[in-house]
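Observations on chain architecture
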Amino acid sequence: MPRIDRPALLLLLLLSASGAAAQTTTSTIEGKVTDATGASVPGAEVKVFETTLAFVRTATTATNGFYRVTALPAGNYTVDITAPGFASRTTTLELTLNRVVTLDVTLQVVGVEAVVEVHSPLVDATTAATGATITPRQITELPVNGRNYLDLLQLVPGVAINRQVDPNSDRANPVLGERSGNNNFLIDGQSNKDTVNGGPAQQFNQETIAEFQVLTNGYKAEFGQASGAIVNVITKSGSNVFRGVGSLFFRDDALDSSNSLDETRTDPLPLRRYDYSIAGGGPVARDKVFFFGSAEQISEDRQLDFKYPDTGSQVVNQLLRDQEAPFDVPTELSETRMFLKFDEHIGQHQLTQQVNYTDSDVNSFLPLSSASSLPSARNDTDTSRLLLAFGDTAILGDPGSPYLLTLRGAFRSEDSETFPSQTTLTGATLFSPYDSRCTLATCSLFGNLPTVSFGNQRTASNLD
């Protein structure tokens, strides 16, 4: 693909930010305030605040007692409702991604106060969309093999994970029979879809993900570019308190048992994997500017179990294995993931900027779905991905009936190169059960020997 001038592209994205993705990453609390007789209470003040984010939003009930507080990031909130002549009412609730929570409140006369705990409903009655939200607790506590948050998609009905292919393959995350390339992946409202191979473009340290929502059907028109599922991810933000976490995950074949379904192998395949990660956030300026960052380093050596094609002859089968033996080496993976995000609360504006960078090097790679191929056909890949994004969510107009304006812009680049692991081989790797040089006479006298030619081809791509 031709390379696009990056400064010009970035300027174009900035100028057209208002027309960029308008996908919802925030939630809304709305409801009606009444007294003990059921009559509406106009003029009541509704204050919504999230203490860790120093986030405060207020609204006033209309003549019919209705109120609405919009553009609320996912988190734990306290809602205070006060009105002259009535006792205050305090409610705490956990607000998940892209929800409309109805909170109707009945105020009592002065002298009676109440604190109520409310949980965000699992079913949103305001939309016809089907799907599920993967909560922070599930992300933190559920075991994930390989620490890939997308494995949690299996909690959603209709979603399957195909581990036999490359995670970025068009067949890696089918939903309701749709290919992975028909799904749309979003990160903080920004497009994160790999339009070439399918699947997500950027990978993230698991500690970076706050929660994500999977919509499988019936989603609103604001979510486009998909006939499959919508995977709507939001990342963590810093707060007024410095917090951090570090982890080390280690896997070794010495801790594995053999596959009881494979009678040909009595010991586990060699495997060694290290996964180091750190993440943390805090305030840059209290109550105003916050940061959150993470870094992860993954290194893995894995021996693949090749299923060689059956030629129909034990002698030929062994000959093929002997010729392939020098190329049957472990696959080596090295991947670095880095993420940095800033959030600012300025008046009625919520600003965010983020940088996501991934660098991946894989030697002797072959998807498990291609394990019937010959080891000499494997490739080395070198891929680096960069995402620069910003967003501005503003509350405009009358506080009683505000307007929500969201501006987003992003720049994404990918440099990828694929070349054969065995650089001394040219052409294609082919197996022929017959020698083309064998004539009728020679074959009759000396028999025929199969031939194997080794090779591969080099490809490279730069996507901006």
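Residues numbered from 1 in each chain as written. Predicted model: local features only at pLDDT ≥ 70, side-chain atom pairs only at ≥ 80, totals over all residues. Heavy atoms only, no water.

1. Things to note about the overall build of the protein chain
Test applied: The helix count covers DSSP runs of H or I at least four residues long, the strand count covers runs of E at least two residues long, and both are numbered beginning at the N terminus. Each residue gets one of three labels from its accessible area relative to the maximum for its type: buried under 20%, exposed over 50%, partly exposed in between, using a 1.4 Å probe on protein chains only. In this analysis, two residues are considered to be in contact whenever any of their non-hydrogen atoms come within 4.5 Å of each other. Where accessible areas are quoted, they stem from the Shrake-Rupley method and a 1.4 Å probe; at the residue level, only the protein chains shown are allowed to cover.
Looking only at helices and strands, the protein chain has 4 helices and 24 strands in total. Sorting the 464 residues of the protein chain into buried and exposed places 43% on the buried side. The long-range fraction of contacts in the protein chain, counting pairs at least 24 apart against all pairs at least 6 apart in sequence, stands at 67%. With the model as given, the accessible surface of the protein chain reaches about 23,600 Å², and the carbon-plus-sulfur share is 56%.

2. Focus on the confidence of the model for the protein chain
Heads up, the condition is: Values of pLDDT, the confidence the predictor places in each residue, fall between 0 and 100.
Of all residues in the protein chain, 77% attain a pLDDT of 70 or more, and the chain-wide mean is 78. Residue range residues 1-5 is modelled with pLDDT below 50. Its contacts to residues more than four positions away, or to other chains, number 7 contacts. In this model residues 457-463 is a low-confidence stretch, pLDDT under 50, and it forms 24 contacts with partners more than four residues away in sequence or in other chains.

3. As for the pattern of salt bridges
Selection criterion: Take a side-chain nitrogen of Lys or Arg and a carboxyl oxygen of Asp or Glu: if they are within 4 Å of each other, that pair is a salt bridge.
One pass over the full model with this rule turns up 12 salt bridges. Salt-bridge contacts for Glu30 lead to Arg68; the nearest nitrogen and oxygen are separated by 2.9 Å. Highlighted residues: Glu30 in strand S1 (residues 27-34) and Arg68 in strand S4 (residues 66-72), separated in sequence by 38 residues. Residues joined by salt bridges that share partners form a network here, namely Arg147, Glu207, Asp275, Glu296, Glu335 and Arg337.

4. What about the sheet that holds strand S12 (residues 190-191)?
Paired through their backbone hydrogen bonds, the strands of a sheet run either parallel or antiparallel. The test is simple: When DSSP finds two or more bridges between a pair of strands, those strands are recorded as paired.
Across the sheet, 5 strands lie side by side as S10-S13-S14-S11-S12; this open sheet has mixed pairing. Looking at the sheet topology across the chains shown, the edges are occupied by strand S10 (130-134) and S12. Note that strand S11 (residues 184-187) and S12 share 2 bridges and pair antiparallel. The residue bridging Ile187 from the neighbouring strand is Gln190, located in S12.

5. Overview of the pairing of strand S5 (residues 75-82)
On a regular strand, each side chain points to the face opposite its neighbour's, so the side chains alternate between the two faces of the sheet. Two elements, strand S2 (residues 45-50) and S5, share 5 bridges in a ladder whose sense is antiparallel. Across the sheet, Phe49 pairs through a bridge with Thr78, a residue of S5. Taking the residues between adjacent antiparallel strands as the criterion, S5 and strand S6 (residues 89-95) are bridged by 6 residues, where Gly85 takes a positive phi near 85 degrees.

6. What about the side chain of Thr352?
Stated formally: What qualifies as a polar contact is a pair of N or O atoms within 3.5 Å, subject to a donor-acceptor requirement within protein and to the restriction that residues adjacent in sequence count only when both atoms come from side chains.
Position of Thr352 relative to the elements: it lies in strand S19 (residues 349-365). A distance of 3.4 Å separates the side chain of Thr352 from the backbone oxygen of Phe342, its partner in a polar contact. The residues touching Thr352, leaving out its near neighbours within four places in the chain, are Lys341, Phe342, Asp343, Glu344, Ala389, Phe390 and Gly391.

7. A few points about the pairing of S4
Of all 7 residues in S4, 5 are buried, a share of seventy percent or more. Both S1 and S4 contribute to a ladder of 5 bridges, which runs antiparallel. The residue of S4 that forms the bridge with Ser27 is Leu72.

8. Digging into the nonpolar core
Condition: Put simply, a nonpolar core is a bunch of buried Ala, Val, Leu, Ile, Met, Phe, Trp, Tyr and Cys residues held in one set by side-chain atoms that sit within 4.5 Å of each other.
Formed by 23 residues in total, the largest nonpolar core has its most connected members in Tyr149, Leu153, Ile209, Phe212, Val214, Val231 and Val233. At the level of elements, S11, strand S13 (209-217) and strand S14 (230-235) are the ones that each hand at least two residues to this core. When residues of this core are assigned to their parent elements, the largest contribution, 3 residues, is made by S13. The contacts of Ile209, once residues within four sequence positions are left out, are Ile139, Tyr149, Phe204, Val233, Ile234 and Lys236. Residues Tyr67, Ile81, Val101 and Leu103 belong to the second largest nonpolar core, which totals 22 residues.

9. Overview of helix H3 (residues 314-324)
Filter applied, for reference: Think of it as the arc spanned by the lines of direction from the helix axis to the C-beta atoms.
For H3, the set of buried residues is Val316, Asn317, Leu320 and Glu324. Along H3, the residues classed as buried sweep out an arc of 105 degrees about the axis, all on the same side. When the buried face of H3 is taken as reference, the exposed residues oriented beyond 90 degrees from it are Gln314 and Val315.

10. Overview of unusual backbone geometry
The backbone of Asp287 shows a phi angle near 70 degrees, a positive value even though the residue is not glycine. A positive phi angle, close to 60 degrees, is found at Ser364, a residue other than glycine. Residue placement: Ser364 occurs in strand S19.

11. A word on the environment of Gly238
Within the fold, Gly238 resides in the loop between S14 and strand S15 (243-252). In this structure Gly238 comes out as buried when scored by relative accessible area, which is 2%. Placed 43 residues apart in sequence, Gly238 and Gly281 show a C-alpha to C-alpha distance of 4.4 Å. Aside from chain neighbours lying at most four places away, what touches Gly238 is Leu53, Gly281, Gly282, Phe290, Phe291 and Phe292.

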